[in-house]
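# Fold and geometry: a report
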Amino acid sequence: MKKILVTGGCGFIGTNFIRLLMKETDYEVTNLDALTYAGNLENLKELEGDKRYRFIKGRIEDEQVVSSIMKDMDAVVNFAAESHVDRSIKSARPFITTNVMGTQVLLDCFRQAGCKGPFVHVSTDEVYGSLGKDDPAFTERHHLRPNSPYSASKASSDLLCRAAWKTFGLPVIVTRCSNNYGPFQFPEKLIPLMIINCLEGRKLPIYGDGMNVRDWIYVEDHCRGVLAALEKGVPGAIYNLGGNCELTNLKVVETIIDMLGKTKDLIEFVADRPGHDRRYAMDIGFSQKSLSWSPKVDFEKGMEKTVNWYIENRQWWERILSGEYRSYYKNHYGSEL
Ligand code: NAD
Ligand code: DAU
């Protein structure tokens, strides 16, 4: 049985990934998570007591903790990160500490422990920068031109991974994915924020003109792509993952309004995000061919599952709304939750 270290497993995608591993593989899983505002132990509560799973509270940039865990590991999947662009604009330092320093500590400890690998680093389409309306989609060979402190920190960690592969021959694989949605996503992100605000009859704040385009992928499809990279990926390779589903933010919000039987007067156009990337689009041809992977859940089906999850799991997000997020929201949007 292979032993795998999953970092950031109490966050949105990490939670979904560990659930997939426990359900469909026989990996022995160690989840290292700092339980920041975005990490929630409750997400994996039903795994407590399972012999194939253990949780360790700790930070990926803490060399002592990481080296003591790494010596027993075969493979690593690194999800741990500060992940929200708006927060990185307010304060970039935590992004450098976790995303840059943390990734380097993981790579160093992986090397020192002589792990067999692979080391899968989970990255983002945002490292490529922004596309114009008619530009072709990002391929893995597109230049890196990150525009936010978040994406700059992710691009930096991608480059550290490349350096570890090139210099030390570590079996490092980088995946880059577009915008995820689905169960357990923290409500600071567009889709859960709009679902919850709609359910509560609150305004729906859209940045700028709402015509920024994102490519949307259901989280389970992303997790299956990461698993495919772990099992079939080639060291040194980069794999783009995406949902083949480009939509404007306005279209996404209107879909949610329709699904919940609300009206468009809830929409409020607010000040734009500084440096707001206009469009992301992913060419996933290389991953489809080399990993035998493709996204399976279309936007309509994925949104139905997602909206239902937020309706059925009110307690999960109500607890978040009563914590630190409350003051973040007031400070960011200028209105009360
Ligand atoms: P998230 O913010 O929901 O979760 C991040 C998790 O990492 C949390 O559980 C948090 O407690 C943990 N964490 C933060 N700092 C840590 C540290 N120093 N040490 C250990 N744990 C720490 O993020 P997410 O949306 O699940 O994203 C996971 C990964 O996927 C990130 O690397 C992100 O860049 C990448 N990604 C996300 C998306 C998306 O749409 N959400 C798309 C592409 C790539
Ligand atoms: O593309 C992948 C990236 O997707 C990941 O790397 C990031 O971790 C993840 O947070 C996400 O980044 P975005 O900035 O694209 O996601 P967010 O949900 O914050 O915003 C999506 C779009 O919606 C973006 O164009 C900004 C807009 N937006 C967002 C919020 C929170 C609004 O119009 N209003 C809002 O209140």
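Reading the values: the criteria
Residues numbered from 1 in each chain as written. Chains lettered and ligands numbered in written order. Predicted model: local features only at pLDDT ≥ 70, side-chain atom pairs only at ≥ 80, totals over all residues. Heavy atoms only, no water. Near = heavy atom within 4 Å. Polar contact = N/O pair within 3.5 Å; in protein donor to acceptor, adjacent residues only side chain to side chain. Areas by Shrake-Rupley, 256 points an atom, 1.4 Å probe, with all protein chains shown as cover. Helix = DSSP H or I, 4+ residues; strand = E, 2+ residues; numbered from the N terminus. Nonpolar A, V, L, I, M, F, W, Y, C, P; charged D, E, K, R; others polar. Buried < 20%, exposed > 50% of the residue type's maximum accessible area, 1.4 Å probe, protein only. Contact = heavy atoms within 4.5 Å. Pairing = 2+ DSSP bridges. Axes fitted to C-alpha atoms, helices over the stretch in contact; angles between N-to-C directions. Arc of directions from axis to C-beta. Expected span 1.5 Å × (residues − 1).

We now examine the site of ligand 1. Near ligand 1, the surroundings consist of 29 residues, among which Ile-13, Asp-33, Ser-83, Tyr-150 and Lys-154 are the closest. Here an oxygen atom of ligand 1 and a backbone polar atom of Phe-12 are 3.1 Å apart. In this structure, Phe-79 approaches ligand 1 through a main-chain N or O atom, which is 3.0 Å from an oxygen atom. Look at ligand 1: alone it shows 830 Å² of surface, and the protein chains cover 96% of it. For the shell around ligand 1, the secondary-structure elements that each account for two or more residues are helix H1 (12-24), strand S5 (119-124), helix H5 (149-168) and strand S7 (179-181). In terms of residues, the shell around ligand 1 owes the most to one element, S5, which gives three residues. By residue class, the composition of the shell around ligand 1 is 13 nonpolar, twelve polar and four charged.

In this structure, Pro-118 follows Gly-117 across a cis peptide bond, with omega equal to 5°. Along the chain, the position of Pro-118 falls in the loop between helix H4 (93-113) and S5. In the Ramachandran plot, Leu-35 falls in the positive-phi region, its phi being about 55° despite a non-glycine side chain. Here Leu-35 is to be found in the loop between strand S2 (28-33) and strand S3 (53-57). Classification of Leu-35 by relative accessible area gives partly exposed; the value is 25%.

In the vicinity of ligand 2 lie 23 residues, with Asp-125, Tyr-150, Arg-273, His-276 and Tyr-333 positioned nearest. The separation between an oxygen atom of ligand 2 and a polar side-chain atom of Tyr-150 is 2.6 Å. In the environment of ligand 2, a nitrogen atom lies 2.8 Å from a nitrogen or oxygen atom belonging to the backbone of Pro-205. In isolation ligand 2 offers 690 Å² of accessible surface; the protein chains occlude 95% of this area.

The next thing to look at is the environment of Cys-245. As for its placement among the helices and strands, Cys-245 is situated in the loop between strand S10 (238-241) and strand S11 (246-248). Assessed through its relative accessible area of 14%, Cys-245 is described here as buried. The spacing of Cys-245 and Gly-233 is twelve residues in sequence and 24 Å in space, taken between C-alpha atoms. Excluding its chain neighbours within four sequence positions, the residues that come into contact with Cys-245 are Arg-214, Asp-215, Trp-216 and Phe-299.

Moving on, we get to the sheet that holds S5. Sheet architecture is open: seven strands sit in the order S3-S2-S1-S4-S5-S6-S10, paired in parallel fashion. Only two strands of the sheet have a single neighbouring strand rather than two, namely S3 and S10. In this sheet, adjacent strand axes meet at a mean angle of 20° when their direction is disregarded. Relative to S3, S2 runs parallel, the two sharing five bridges. By the bridge assignment, Val-29 is partnered in S3 with Tyr-53. Where H4 meets the sheet, its contacts fall on strand S1 (3-7), strand S4 (75-78), S5 and strand S6 (172-177), and the angle it forms with S5 comes to roughly 165°.

Where helix H12 (residues 324-333) is concerned, the buried positions are Tyr-325, Tyr-328, Tyr-329 and Tyr-333. Taken down its axis, H12 places every buried residue within 100° of arc, on the same side. Downstream of H12 by a residue or two, Gly-334 has a phi angle that is positive, lying close to 75°.

Between its terminal C-alpha atoms H1 stretches 19 Å, which fits the 18 Å expected from 13 residues at 1.5 Å a residue. Among all positions of H1, only Phe-12, Ile-13, Gly-14, Thr-15, Asn-16, Phe-17, Ile-18, Leu-20, Leu-21 and Met-22 are buried. Elements in contact with the buried residues of H1: S1, S2, S3, S4, S7 and helix H7 (219-232).

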